[in-house]
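So the chains spell out like this:
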Amino acid sequence: MSRTEAPPLPEPLRVPVADSHTHLDMQDGTVEEGLARAAAVNVTTVVQVGCDVKGSRWAAETAAAHANVHAAVALHPNEAPRIVHGDPDGWSRQGAREGGGTAALHEALAEIDALAALPHVRGVGETGLDYFRTGPEGMAAQEESFRAHIEIAKRHGKALVIHDREAHADVLRILADAGAPERTVFHCYSGDADMARICADAGYFMSFAGNMTFKNAQPLRDALAVAPLELVLVETDAPFLTPAPYRGRPNAPYLIPVTLRAMAAVKGLDEDTLAEAIADNTARAFDY
């Protein structure tokens, strides 16, 4: 079996659900093909997430063109330091870039702010902090960008979509300090059960991805076990984080049933009950 070969379509869900976080612009095939494959297994709605100005524009345009696609727009936490300090290695999709300083960051944030006002844009994200890929020199730019996104989400009444990688304490601190928007989603939830209790107390949604199926992911399963049913979402983060047994192969929204069934087992629920709750939660989280 080739590592690049797409996994087979799983058994369809009986209850339609949403993929709360995907990147259709990074997946093979057309948007229409991706949505058709998803619909074939009863994944009927997707939230398309932008990571930079260009991707956020694309997300907004794609949501405008497809009734079952909702957009989230943002500068990814790793994008902010690249805008400010430059990206000589060209690690992001933009290729190598010169730093533009805080003026360039403010210009990019102004564009995100304008996109966030559009009616088919339902979320501001993914934003937050990422200490895995950005060192100490990028932290100030990340925090400034994160705080700006929180304000944008509140100004337009949109959901805030959080990317939190190895930065739990600081993400929670900034949310508490700045005042979280009414609807806040921890995308690809990566904390433990203790953090899940803190998120639950604050009313934050927790979205679980395919990595909760990995052998070494017991802390994620423990977090899911204590997360209140009314705050749980499911996502692919496709093309990344493909669930077991397909880990390492390309992910796409049609694989949501694999992760949802694994989540149902952890929660001790039948899949229809979990799917109904997740469908309702996602619509509440993104106000559609």
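Since we're looking at a predicted model, the values are computed, not measured. (Residues numbered from 1 in each chain as written. Predicted model: local features only at pLDDT ≥ 70, side-chain atom pairs only at ≥ 80, totals over all residues. Heavy atoms only, no water.)

Trainee: Quick rundown of the pairing of strand β2 (residues 43-49)? Include the residues and the values.
Mentor: Burial of β2 is extensive: 6 of the 7 residues sit out of reach of the surface. Inspection of the sheet shows strand β1 (residues 17-22) paired to β2 by 4 bridges, in the parallel sense. Each bridged residue has a counterpart across the sheet, and for Val17 the counterpart in β2 is Val43. Handedness of the β1-helix α1 (residues 31-40)-β2 crossover: right-handed. Pairing analysis gives 4 bridges linking β2 to strand β3 (residues 69-73), with the strands arranged parallel. By the bridge assignment for β3, Val46 is matched with Val69. (Buried < 20%, exposed > 50% of the residue type's maximum accessible area, 1.4 Å probe, protein only. Helix = DSSP H or I, 4+ residues; strand = E, 2+ residues; numbered from the N terminus. Pairing = 2+ DSSP bridges. Right-handed = clockwise from strand over helix to strand, strands pointing away.)

Trainee: So what's going on with the packing of aromatic side chains? Residues and values would help.
Mentor: Across all of its chains, the model carries 2 aromatic pairs by this definition. The interplanar angle of 35° and the centroid separation of 5.7 Å between the aromatic rings of Phe186 and Tyr204 together place this pair among those described as tilted. With Phe186 in strand β8 (residues 184-186) and Tyr204 in the loop between α7 (193-202) and β9 (205-208), this pair connects stretches of sequence that are 18 residues apart. The exposure class of Phe186 is buried, given its relative accessible area of 2%. Their ring planes at 45° and their centres at 5.4 Å tell us that Tyr189 and Phe208 sit as a pair that is tilted. In this pair, Tyr189 is assigned in the loop between β8 and α7 and Phe208 in strand β9, connecting sequence segments 19 residues apart. For Arg247, the ring lying beneath its charged end belongs to Phe214, and the centroid distance is 3.7 Å. (Phe/Tyr/Trp six-rings, centres within 6.5 Å; stacked < 30°, edge-to-face > 60°. Lys NZ or Arg CZ within 6 Å of the ring centre and 35° of its normal.)

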